[in-house]
Amino acid sequence: MEPKLVLALFLLISATATSEYVRPPTRKTLNLSWRSKSSSHPQQVHISLAGDNHMRVSWVTNDKSAASMVEYGTSPGRYSNIALGESTWYSYLFYSSGMIHHTVIGPLEDNTVYYYRCGGGGPEYKLKTPPAQFPVTFSVAGDLGQTGWTKSTLDHIDQCKYDVHLLPGDLSYADYMQHLWDTFGELVEPLASAKPWMVTQGNHERELIPFFKDSFESYNSRWKMPFEESGSSSNLYYSFEVAGAHIIMLGSYTDYDEYSDQYNWLKERVNNGKLDPCGAVHITIGDGGNREGLAHKYKNPQPAWSVFREASFGHGELKLANSTHAFWSWHRNDDDEPVRSDQVWITSLVNSECAAEKKLGLRKILMEP
């Protein structure tokens with residue numbers, strides 16, 4: 001498990017303080033048996049945003065000749081639109097995946113419920129598109145895995161009113177055991193088939209076997225994100241627009257050394273480890289339910305720039321209320337009940353004195369001979 005940088009915004013922050021938290025123990029891995037289905041039956045259905053007013057529907061079938069077709073419409077059982085997509089599969093040592101389908105549907109109306117089915121048959125699914133403008137709410141949980149805590153986290157996410165789920169790395173914890181990708185897809189399908197899941201990779205998705213298998217083959221085959229739509233050359237990093245917000249999903253396993261474009265870009269939001277009221281706010285999150293336990297090693301004494309830190313299983317919610325205000329909250333899975341242990345209103349610096357000072361400083365630099 002490794003913590004991920006989810007979001008960094010140029011904002012002012014005011015956080016709540018909490019008493020010392022007693023961390024819960026890890027829970028056992030779920031025993032998710034494989035359920036036999038017809039060869040053409042859609043499995044592991046999930047959706048993701050795919051450019052302006054479009055959605056990508058992904059699923060798996062045992063039948064490698066099944067059509068990559070999605071029928072959809074705004075009324076149950078009535079499909080006024082049909083879209084065709086692409087399919088792929090992969091082998092990994094003695095494992096062979098089913099046919100993995102990716103089909104982009106749209107254009108879709110904003111903030112609208114659509115009914116759809118995959119491959120020309122099977123069950124009907126329902127999705128809701130995000131709103132066209134603020135407010136918009138993201139649920140956030142990384143390091144999900146497939147444990148008892150994972151199930152608790154998913155249950156709590158299902159109770160919150162969100163538009164898009166962000167999963168910043170470490171999805172299935174398959175770690176070379178390819179059937180765990182299948183059980184993970186089944187585990188998250190009830191949520192991931194209804195609201196878009198936007199994910200990035202972590203160390204547990206790497207699965208490199210030198211001279212035999214490249215990194216991230218399983219991840220890239222199953223969880224295709226809008227990298228092409230956002231001008232990226234890799235499925236490991238991309239960006240997308242939703243409801244007036246521009247979201248950047250970074251890749252831990254793309255170039256990030258001191259000479260890379262990614263490093264230099266990030267370096268401009270960071271202030272050399274010093275507290276800067278005009279700087280970026282970083283939220284580092286994980287602990288959705290992984291089998292490794294909680295990351296609880298912190299830098300001590302607690303630096304002034306580290307406002308809140310807690311090792312607990314749970315999920316976050318980020319509501320962008322408008323173009324100037326956002327609300328962040330952390331919901332721990334405390335005895336299987338959602339407990340909001342941290343919350344903060346975050347205010348944009350666009351019209352603040354900080355922005356004016358930065359503009360003045362830049363102007364002075366440009367005017368220097």
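Fair warning: this is a prediction, and the values are worked out from it, not measured in the lab.

**Topic: the nonpolar core**
Inside soluble globular proteins, nonpolar side chains tend to come together where they are buried. Formed by 67 residues in total, the largest nonpolar core has its most connected members in Y116, F138, W197 and W223. Top contributing element to this core by residue count: helix α2 (residues 179-192), with six residues. When near neighbours in sequence (up to four residues on either side) are disregarded, F138 contacts Y162, V164, L166, V242, I247, G316, E317, L318 and L320.

**Overview of the packing of aromatic side chains**
Any pair of aromatic rings gets described here by the distance separating the centres and the angle formed by the planes. In total, this model carries 10 aromatic pairs according to the counting rule given. Considering the side-chain rings of W149 and F313, the 5.1 Å spacing of their centres and the 15 degrees angle between planes classify their relative orientation as stacked. Taken together, the residues span a long stretch of sequence, with W149 in helix α1 (residues 148-159) and F313 in the loop between β17 (280-285) and β18 (314-320) at a distance of 164 residues. Residues W149 and F313 agree in their burial class; the two are buried. Three or more aromatic residues joined by ring pairs make a cluster, and in this case those are F184, W197 and W223. In this structure, K64 is placed above the aromatic ring of W89, and the distance from its NZ or CZ to the ring centre is 5.1 Å. The lysine or arginine in question, K195, covers the ring of Y162, its NZ or CZ lying 4.7 Å from the ring centre.

**Description of a negative patch on the surface**
On the surface, D52, E109, D110 and E241 cluster together to form a negatively charged patch. On the basis of relative accessible area, E241 is assigned to the exposed category, the value being 55%.

**A look at the packing of α1 against α2**
Across the interface, α1 lies against α2 with an axial gap of 10 Å and an inter-helix angle of 10 degrees. In terms of their interaxial angle, α1 and α2 are classed as roughly parallel. Contacts between α1 and α2 pair T150, L154, I157 and D158 from the former with L187, V188 and L191 from the latter. Here the residues of the contact of α1 with α2 sort into five nonpolar, one polar and one charged.

**A word on the side chain of E189**
Position of E189 relative to the elements: it lies in helix α2. On the basis of relative accessible area, E189 is assigned to the buried category, the value being 13%. A distance of 3.0 Å separates a polar side-chain atom of E189 from the backbone nitrogen of Q44. Not counting residues up to four positions away in its chain, the partners in contact with E189 are Q43, Q44, V45 and Y125.

**Digging into the sheet that holds strand β9 (residues 99-105)**
The antiparallel open sheet is built from four strands, whose spatial order is β2-β3-β9-β6. What marks the edges here is a single partner per strand, and that holds for β2 (43-49) and β6 (86-88). Pairs of neighbouring strands in the sheet enclose a mean axial angle of 20 degrees, with direction left out of account. Relative to strand β3 (residues 55-61), β2 is paired through five bridges, and the arrangement is antiparallel. Paired with Q43 across the bridge in β3 is V60.

Parameters and conventions
Residues numbered from 1 in each chain as written. Predicted model: local features only at pLDDT ≥ 70, side-chain atom pairs only at ≥ 80, totals over all residues. Heavy atoms only, no water. Core = buried A, V, L, I, M, F, W, Y, C linked by side-chain atoms within 4.5 Å. Buried < 20%, exposed > 50% of the residue type's maximum accessible area, 1.4 Å probe, protein only. Helix = DSSP H or I, 4+ residues; strand = E, 2+ residues; numbered from the N terminus. Contact = heavy atoms within 4.5 Å. Phe/Tyr/Trp six-rings, centres within 6.5 Å; stacked < 30°, edge-to-face > 60°. Lys NZ or Arg CZ within 6 Å of the ring centre and 35° of its normal. Patch = residues over 30% accessible without salt bridge, like charges linked within 9 Å, V, L, I, M, F, W, Y side chains within 5 Å. Areas by Shrake-Rupley, 256 points an atom, 1.4 Å probe, with all protein chains shown as cover. Salt bridge = Lys/Arg side-chain N within 4 Å of Asp/Glu carboxyl O. Lys, Arg positive; Asp, Glu negative; His and termini not counted. Charge placed at Lys NZ, Arg CZ, Asp CG, Glu CD. Axes fitted to C-alpha atoms, helices over the stretch in contact; angles between N-to-C directions. Parallel < 35°, antiparallel > 145°, perpendicular 65-115°, else oblique. Nonpolar A, V, L, I, M, F, W, Y, C, P; charged D, E, K, R; others polar. Polar contact = N/O pair within 3.5 Å; in protein donor to acceptor, adjacent residues only side chain to side chain. Pairing = 2+ DSSP bridges.

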